[in-house]
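Observations on chain architecture
Take a look at the letters that make up each chain.
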Amino acid sequence: MNMAFNLKGRNFLSLLDFSRKEINYLLKLSEDLKDKKRAGIKGDRLEGKNIALIFEKSSTRTRCAFTVGARDEGGMPEFLGKDDIQLGKKETVADTARVLGRMFDGIQFRGFDHETVEILGEHSGVPVWNGLTDKYHPTQILGDFLTIKENFGCLEGINLTYVGDGRNNMANSLMTGSAKLGLNYTIVAPKKLHPDEDLVEECRELAEESGATITITDDPVEGVKGADALYTDVWASMGEEGDFEERIKLLKPYQVNMEMIENTGNEDVIFLHCLPAYHNTETENGQKIYEEYGIKEMEVTDEVFESKYSRVFDEAENRMHTIKAVMVATLGK
Ligand code: CP
Ligand code: NVA
C-alpha cells in the first residue's frame, strides 16, 4: 500500500484532519469492502481486535454499523452506554481513556462535547473514532459521499445543497468534506442558523485548493437551484429538543417538499438525509409527534422521502461499509 495512505493508528475525529487523497482512499476501501460483503466473503482484518463503543446519545445506524462492521472482519465490539461507565462522572475522561486504551484496541465515541472525543483521542493510545458530537459527524459524510459517488460517478463538481439547521454537526461536516473533496456546497438556512464564521473561513481556504465552492444563503428558492443532491437533517438535533418550537417557526420555509425538488430545476436530483427523519413518526397514541406544534410535516415531506429521488436507505447501508473502512484502515491488517 502507498505510504501516503497508511492510516494505521490514526484517530478519526474530523475530516479536517485528513487529506483529500486519504478521504478518497477511505471511500475506495469502502467500495472494496462493500463488494466483498455482497460476495459473501467473510473478512479477518480486525481479527482479535476488541472495540469499545461509547454512546452518550442514542443511535441506530452508527451503533449497528460499528457492531456489524467490526464483526464482519472478525473484531469484537462492546457497547458501553452512558449509564454503564464512569466517563466524566467519578473519573475524568482522560482517566477513562487511559483505562480503555489498556484493554481495547479501538474506541468509538458518540456524545455531546466535541472536546470529549478529542480527550479520548489524546489519552487512550489507540485509534478513536467520532461517531457524532455536537460539532461534527464525520463517518456520516463518508456514507453520504459514497452514495453520491454511486449515483453520479464522481464527487468533484457535484452541487451538494444542505437545507435546514445550517449550524449543526451535519451542516458543518458536509462543509468540511465538500471543501476537501471539491464539491460545490451550499447551505440554505435562515440567518439565525448560519454556520460559525471561522469554520466557513477555514473551509473556504481549503476550497481554494480543491476547487470547491462554499455558499451560504437564506433564500430557499434561489439557494436550491441547480442542486444535484439535496440534503436535510432534523430541525433540532439530539440535546436541542427544547428548541423545537423556535426551530419550527424558523425552518418552516425550508422544508424539503416537491416544490423544492422542482425548484432545483434538476430532474435527476437525489434526496439525502442522514436519518432518523421526521416524516411519519408517530407516538404510542398514533399522533404524529410534530402535530403538537401545529404542523403537518417537518424537515421532509413523506412524498419526497418515499419518492424516486430518495436515496436515504442506500445512504444508511453505506454507513456500515464506510465505518468498516475507517476501522480497517486505522486498526486492521
Ligand atoms: N445517521 C445516524 O448517525 O444515525 P443514528 O443516530 O441512528 O446512528
Ligand atoms: N444532527 C443530528 C444528526 C443525527 C444523525 C443530531 O445530532 O441529532
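Report on the accompanying structure. Remember, predicted model here, so these are calculated numbers, not experimental data.

A word on the packing of helix H1 (residues 20-38) against helix H5 (residues 138-152). In the contact formed by H1 and H5, the axes pass within 10 Å of each other and the chain directions differ by 70°. As far as their axial angle goes, H5 and H1 are roughly perpendicular. Mapping the contact onto sequence places Ile-23, Leu-26, Leu-27, Ser-30, Glu-31 and Lys-34 in H1 and Leu-142, Phe-145, Leu-146, Lys-149 and Glu-150 in H5. A class-by-class count of the residues in the contact of H1 with H5 yields six nonpolar, one polar and four charged.

Turning our eyes to something else, we now look at the nonpolar core. The biggest cluster of nonpolar side chains holds 59 residues, and the ones touching the most others in it are Phe-145, Ile-148, Leu-160, Leu-174 and Tyr-185. Broken down by element, the residue count for this core peaks at eight residues, all from helix H11 (residues 312-331). Discounting chain neighbours no more than four positions away, the residues touching Ile-148 are Gly-153, Cys-154, Leu-155, Ile-158, Leu-160, Leu-183, Ala-229 and Leu-272. The next biggest cluster of nonpolar side chains, apart from the first, holds 30 residues, and it includes Leu-230, Val-256, Ile-261 and Val-304.

Moving on: unusual backbone geometry. Following Leu-275, the chain continues into Pro-276 via a peptide bond in cis, with omega recorded as 5°. Take Pro-276: it is sitting in the loop between strand E9 (270-273) and helix H10 (302-305). Phi angles above zero are rare outside glycine, and Leu-132 is one such case at about 125°. Within the secondary structure, Leu-132 is located in the loop between strand E4 (128-130) and H5. The buried category is assigned to Leu-132, whose relative accessible area is 6%. At Leu-275, a residue that is not glycine, the phi angle is positive and equals roughly 70°. Structurally, Leu-275 is set in the loop between E9 and H10.

This part is about the pairing of strand E2 (residues 76-81). For strand E1 (residues 50-55) and E2, the ladder comprises six bridges, and the chain directions are parallel. Looking at the pairing, Asn-50 lines up with Met-76 of E2.

The subject of this paragraph is the site of ligand 2. Surrounding ligand 2, one finds Leu-132, His-137, Asn-168, Asn-169, Asp-233, Val-234, Ser-237, Met-238, Cys-274 and Leu-275. In the environment of ligand 2, a nitrogen atom lies 2.8 Å from a nitrogen or oxygen atom belonging to the side chain of Asn-169. Considering ligand 2 on its own, with 270 Å² of exposed area, one finds that the protein chains cover 95% of that surface. Comparing atom positions with the cavity grids shows ligand 2 to sit within the largest pocket. Across the shell around ligand 2, the residue classes tally to five nonpolar, four polar and one charged.

Moving on, we come to the layout of surface pockets. Of the voids in this model, the largest pocket is the one considered here, and its volume is about 540 Å³. Taken together, 30 residues line the largest pocket, and the ones lying closest to its centre are Arg-110, Val-234, Met-238, Leu-275 and Pro-276. Elements that contribute at least two residues to the lining of the largest pocket include exactly helix H2 (61-72) and helix H6 (169-181). Classifying every residue of the lining of the largest pocket by side-chain character gives eleven nonpolar, ten polar and nine charged.

This part covers the pattern of salt bridges. With the rule as written, the count across this model stands at 22 salt bridges. In this structure, Lys-28 and Asp-32 form a salt bridge, with 2.8 Å as the shortest nitrogen-oxygen distance. With Lys-28 and Asp-32 both in helix H1, this residue pair falls four residues apart, about one helical turn. For Lys-28, a relative accessible area of 42% corresponds to the partly exposed category. Taking the shortest distance from any N to any O, the salt bridge between Glu-240 and Arg-167 comes out at 2.7 Å. Of the two residues, Glu-240 is situated in the loop between strand E8 (229-232) and helix H8 (244-251) and Arg-167 in the loop between strand E5 (159-163) and H6; the sequence distance between them amounts to 73 residues.

Calculation notes
Residues numbered from 1 in each chain as written. Chains lettered and ligands numbered in written order. Predicted model: local features only at pLDDT ≥ 70, side-chain atom pairs only at ≥ 80, totals over all residues. Heavy atoms only, no water. Axes fitted to C-alpha atoms, helices over the stretch in contact; angles between N-to-C directions. Helix = DSSP H or I, 4+ residues; strand = E, 2+ residues; numbered from the N terminus. Parallel < 35°, antiparallel > 145°, perpendicular 65-115°, else oblique. Contact = heavy atoms within 4.5 Å. Nonpolar A, V, L, I, M, F, W, Y, C, P; charged D, E, K, R; others polar. Core = buried A, V, L, I, M, F, W, Y, C linked by side-chain atoms within 4.5 Å. Buried < 20%, exposed > 50% of the residue type's maximum accessible area, 1.4 Å probe, protein only. Pairing = 2+ DSSP bridges. Near = heavy atom within 4 Å. Polar contact = N/O pair within 3.5 Å; in protein donor to acceptor, adjacent residues only side chain to side chain. Areas by Shrake-Rupley, 256 points an atom, 1.4 Å probe, with all protein chains shown as cover. 1 Å grid on protein atoms, 1.4 Å probe; cavity = no way out; pocket = protein on both sides within 12 Å on 5 of 7 lines; lining within 4 Å. Sits in = over half its atoms within 2 Å of the grid points. Points joined across faces, edges and corners; volume = space filled by probe spheres on them. Salt bridge = Lys/Arg side-chain N within 4 Å of Asp/Glu carboxyl O.

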